[in-house]
Amino acid sequence: MLSFVTKRLGQSAVLVLIMSALVFVGMYVVSDPVAVLAGEDFTEEDRLALAQELGVDRPLFLQYLSFLGNVLQGDFGTSFVYNRPVMDLILERLPATLEVAFFAMFIGLVVGIPLGVYSGLNQKKRSTKAISFFTTVGYSIPNFWQGVLLIMLFSVWFKVLPASGRGDTVDVFGVGWSVFSLDGLSHLMLPALNLAIYTICLQARLARSGTQEVMYQDYMTFARAKGISRERIIRRHLVRNILIPIVTITGLQLGGLIAFATVTETVFSWPGIGKLLLDSIHNSDRPVVVAYLILITLMFVTINFVVDVLYALLDPRIRYT
Amino acid sequence: MTDQLVHVENLTVAYPMADGAVFRAIDGFSMAVKRGQIVGVVGESGAGKSTIGKATLGLLDENAVIDTGGVMLDEVMVTRLEEHAFADIRGSKVGYIYQNPMTALNPVLTIGEQLIEAIEANTNKRGQDARAYAIDLLEQAEVPLPEERLSKYPHQLSGGLCQRIVFAIAISAKPDLIIADEPTTALDVTVQKAVLGTLVKLTRQENIAIILITHDMGVVAEMCDYVYVLRHGKLVEEGSTAQVLSNPSEPYSRELMAAIPRIDHKIERFAVPGGLGKAEDRERAIDYLMSRKADAGVEGAPLLSVKNLSKTFTMKATALKAATDFKAVSDINFDVFPGETLGIVGESGSGKSTVGKMILGLHKPDPGYEITYKGHNIDDLTSKAQKLAHRQSLQCIFQDPYSSLNPRMTAGDNITYALRAHGVLSRAQALELSGDLMELVGLPRASARKMPHAFSGGERQRIGIARALSFRPDFIFCDEPTSALDVTVQAELLNLMKDLQDQLGLTLLFVSHDLAVVRQMCDRVMVMRSGEAVEIGACDKVLVAPEHEYTLGLLAAMPRFRPEEVA
């Protein structure tokens, strides 16, 4: 266990190192912050002064080394554009993204898995064909277009849910959360639904193929031969077994939801971290982009670790040998 | 309550097929079982044996149709019941024992949960009572440390223990009948005997009847009072065990009995039809195979010599567990002489296949070993040509005829693709050669164009043999080549291998868990247990008067098929 954890930590350190270097080079190649930030009336001297102020006048590898030194002391630098510590900027907006991503994942699991198990068990029913039609459609329609449709349906025609913003937030641990107030929750609904549709479809398909596979295993027949109830067979024998692949994908997808909720955040004007990333790339605000991507990398590493632990908890064959 | 428990009356179960035809898994079959009686149902795969058990429990596939007849259990026509009505039958009146205990138990639930849920579903015991009864049942099924086992998972226990747990589940509600579908096929022979003993003890106590479905005549001879022989869903013969086994009246039953390998004496060939293809068809293939480079090493010296062969596998660490080492093979030494067959026997996990794989170069042995082939240390081979010649000279026949052929290539391409990859053969030559080899192994030349799924298991194994032969090898490692096959098919295949060996002077390393098969095929035998060789010597000695007590135990545990003694 300990050697496993240290190995994982070592791997993620290397990963972060490589990733940050790539972003450094990438941002350097793509654009010049001085050119973006400088006004039209800047003289050559002004530009030089600006470059010195931002620290981009030195050779790239020196910039990278001093960045690494600062990170080791817990300093991710200052935004070129906002002139504020990068971590403050990110932490201000991260909760909004986490909130919508986790809520979407919750909806996805709670709706998707039962749908999938049902259609796996009743392969010939009409309702199964309908489910499989809708999951295919939901899977294929582009995210942004789904968002626009949702706004049209729920905000324009039925006028039941607001289309933009976070609504009222309630402070918990010094951070505002929409999910704890009724108004906030109603604002959260549409963006979360927008992200959840894909998750529902993915989970339903996973659960369905898992069910179809597990259903024909010997232990399922044997469980029936034992005379235990159908409800118990499904709840204990079937679901416990299909959870193993579902956990893997859920882990990967949760990372994806947090890291790439950008489109949804834009459609619903959700003040999350995705929008910050887009703006920062646009303004070649390198410190923000680098810090954000390091954070996302660490998050993926953590999620994968949690998945590995869950895996072992769900599957005794991994736990004991 | 009458003495008659089960009455299968003219049962026909049909499956509609894709092309509109109907496949009858069981066709007009009748049988009767009295209370407390042990009745055997024997036959080869596809004979419809399992269908009888599944029909009795309402576990047939959804598309199965009961065409005629049915199964009467205690005056109830169970084959006409609705799904919910089976709740009173499954587990409570009829217990079911599955072929493979490792797959019958759910891998992610504890033994305790799986046993207690059956108790709670079929008896009026709940909670602590049910738990206490579970421990009691495990004790009766002779599971050591029953209380501790309740919190274990199936993969932590051996196959034999898992089967005892399945027994405990099956008898939990004291049913009238137990359907045992190949209950010991997946178990090692030493385990099989004890497990069957337990099953008989448990059922005798409660006067439970057993329908024992099996392909193993030895098991039938030891357990059953009465036996039904099935073939292709139809009844071939029925009668008392002694009569059917020692004096079968139908030709198929006679063939079946003749195909069973005997441990007590060695015969030249099995008395079954089949073997090599027709003499005039196979000449060209023989010529091709005999044209191999006659480099058999030094006269009188071993073809293959193995010294200090060991293999350690390391299992990777996972989130909740450290890395562990597992010694699969330790310090094996043996020689194989040209033209001889050396057998390796042992129970599953004894490392017998690993030995073969190391010789073929599929696993890297632990350092300190020495493998000499045709007088050269195989690690001294340096040039590409030498290595290629060496690899072609050693070939392999695999255990599973289904997964060992590439399903997307024709049979012919499966036989020759490696030679084509080496650039030795043109397309036309490859077609010619695969046809010749198909004929040699007794398959029609034209079927080289068919895909593997169009062949039966035995035919696929013949293709596997043809593929091994295509390289003109001197040495073939046969890894349980017949263990997945029915006994008559096995007999045909063993005949074929003997014929080929006679014709071509091949040297074989023959791995098997079946002592009787080894007795029929091998000149010498090595007995392995947990990675170590316990005994090596001539078959006539080791399998007749063994020195090591482990070998003695193996021999004693084998169910004896000696029809002359049953009678």
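Keep in mind that this is a model prediction, so the values were computed, not measured. (Residues numbered from 1 in each chain as written. Chains lettered and ligands numbered in written order. Predicted model: local features only at pLDDT ≥ 70, side-chain atom pairs only at ≥ 80, totals over all residues.)

Enquirer: Report on the overall build of chain B, specifying residues and quantitative values.
Expert: What chain B contains, in helices and strands, is 21 helices and 20 strands. Rg of the C-alpha trace for chain B: 26 Å, near the compact-globule value of 24 Å for 567 residues, within the 12% margin. By its C-alpha atoms, chain B is 75 × 55 × 50 Å across when sized along the principal axes. Across the 567 residues that make up chain B, the buried fraction comes to 46%. (Helix = DSSP H or I, 4+ residues; strand = E, 2+ residues; numbered from the N terminus. Rg over C-alpha atoms; globule rule 2.2 N^0.38 Å. Buried ≥ 20, exposed ≤ 12 C-beta atoms within 10 Å, placed from the backbone.)

Enquirer: So, the interface of chain A and chain B: which residues are in play, and what are the values?
Expert: Tallying the contact residues gives 31 residues for chain A and 32 residues for chain B. Residue assignment for the side of chain A that touches chain B shows that the elements contributing at least two residues are α1 (2-30), α9 (218-225), α10 (230-259), α13 (286-314) and α14 (316-319) of chain A. Ranked by residues supplied to the side of chain A that touches chain B, first place goes to α9(A) with six residues. In terms of residue class, the side of chain A that touches chain B is made up of 13 nonpolar, eight polar and 10 charged. (Contact = placed C-beta atoms within 7 Å. Nonpolar A, V, L, I, M, F, W, Y, C, P; charged D, E, K, R; others polar.)

Enquirer: Lay out the nonpolar core with the relevant residues and their values.
Expert: All names here are of chain B. Core analysis: the largest hydrophobic core is formed by 85 residues, its most contacted members being L115, I165, V166 and L212. Looking at which element gives the most residues to this core, the answer is helix α6 (residues 159-171), with nine residues. Apart from residues lying up to four places away in sequence, L115 is in contact with A134, L137, I165, A168 and I169. Judged by nonpolar contacts, the second largest core, of 76 residues, contains M358, L437, M438 and L508. (Core = buried A, V, L, I, M, F, W, Y, C linked by C-beta atoms within 7 Å.)

Enquirer: Any chance you could break down the domain arrangement of chain B for me, citing the residues and the numbers?
Expert: All names here are of chain B. What the domain assignment reports for chain B is domain 1 (36-61 + 87-259) and domain 2 (279-294 + 303-312 + 325-566). Each of domain 1 and domain 2 has a C-alpha centre, and these two points are 34 Å apart. Taken residue by residue, the interface counts 22 residues in domain 1 and 18 residues in domain 2. Of all the secondary-structure elements, those providing two or more residues to the side of domain 1 that touches domain 2 are α7 (189-206), α8 (217-223), α9 (241-246) and α10 (251-259). If one sorts the elements of the side of domain 1 that touches domain 2 by residue count, α8 sits on top with five residues. In terms of residue class, the side of domain 1 that touches domain 2 is built from nine nonpolar, seven polar and six charged. (Domains from an automatic or database assignment.)

Enquirer: Just give me the short version of the sheet that holds strand β5 (residues 76-77) of chain B, but keep the residues and values in it.
Expert: Residues and elements named next belong to chain B. One open sheet holds the four strands; their spatial order is β2-β1-β4-β5, and the pairing between them is antiparallel. What marks the edges here is a single partner per strand, and that holds for β2 (22-34) and β5. Note: strand β1 (residues 4-16) against β2, nine bridges, orientation antiparallel. Within the sheet, the bridge partner assigned to V13 lies in β2 and is I26. (Pairing = 2+ DSSP bridges.)

Enquirer: Summarise unusual backbone geometry; cite the residues concerned and give the values.
Expert: Residues and elements named next belong to chain B. Even without being glycine, D74 reaches a positive phi, approximately 50°. With respect to the secondary-structure elements, D74 resides in the loop between β4 (65-73) and β5. Residue D74 is classed as partly exposed on the basis of its 17 C-beta neighbours within 10 Å.

Enquirer: Let's hear about the sheet that holds strand β12 (residues 324-336) of chain B: which residues, and what values?
Expert: All names here are of chain B. The strand order β12-β11-β14-β15 describes an open sheet built from four strands, whose pairing is antiparallel. Each edge of the open sheet is held by one strand with a lone partner, namely β12 and β15 (376-377). As paired elements, strand β11 (residues 304-315) and β12 share nine bridges and run antiparallel to each other. Across the sheet, the residue bridging to V306 is F334, located in β12.

Enquirer: Now, about the packing of α7(B) against helix α20 (residues 549-557) of chain B: what can you tell me, with residues and values included?
Expert: All names here are of chain B. In contact at an axis separation of 8 Å, α7 and α20 are set at 50° when each is read in the N-to-C sense. Here α7 is positioned oblique relative to α20, judged by the angle of their axes. Helix-helix and strand crossings are classified by hand; for α7 and α20 the assignment is left-handed. In this structure, α7 uses V189, T190, Q192 and K193 to contact α20, whose residues at the interface are G553, L554 and A557. (Axes fitted to C-alpha atoms, helices over the stretch in contact; angles between N-to-C directions. Parallel < 35°, antiparallel > 145°, perpendicular 65-115°, else oblique. Left-handed = near helix turned anticlockwise from the far one by under 90°.)

Enquirer: Help me get a handle on helix α4 (residues 127-140) of chain B, residues and values and all.
Expert: All names here are of chain B. With 14 residues, α4 should reach 20 Å at 1.5 Å per residue; the first-to-last C-alpha distance of 20 Å fits that figure. Every buried residue of α4 is accounted for by A134, L137 and L138. The buried residues of α4 all sit within an arc of 95° when viewed along its axis, so they share a single face. Exposed residues pointing more than 90 degrees away from the buried face of α4 are listed as Q128 and A132. Buried positions along α4 lie against α3 (111-122), α5 (146-149) and α6. Immediately beyond the C-terminal end of α4, within one or two residues, lies E142, with a positive phi of roughly 60°. (Expected span 1.5 Å × (residues − 1). Arc of directions from axis to C-beta.)

Enquirer: Lay out the packing of helix α8 (residues 182-215) of chain A against α10(A) with the relevant residues and their values.
Expert: All names here are of chain A. Look at α8 against α10: their axes get within 9 Å of each other, and the N-to-C directions meet at 155°. What the angle tells us is that α8 and α10 run roughly antiparallel. The two elements α8 and α10 cross, and the hand of that crossing is right-handed. In contact with L195, T199, L202, Q203, L206, A207, G210, T211 and V214 of α8, α10 contributes L238, N241, I242, P245, I246, I249, Q253 and L257. When the residues that make up the contact of α8 with α10 are grouped by side-chain class, the tally is 11 nonpolar, six polar and no charged.

Enquirer: Which residues make up helix α14 (residues 411-421) of chain B, and what are the values?
Expert: All names here are of chain B. Within α14, the full set of buried residues consists of A411, G412, N414, I415 and T416. Where α14 is buried, its residues touch α15 (427-440) and α16 (457-469). Immediately beyond the C-terminal end of α14, within one or two residues, lies G423, with a positive phi of roughly 75°.

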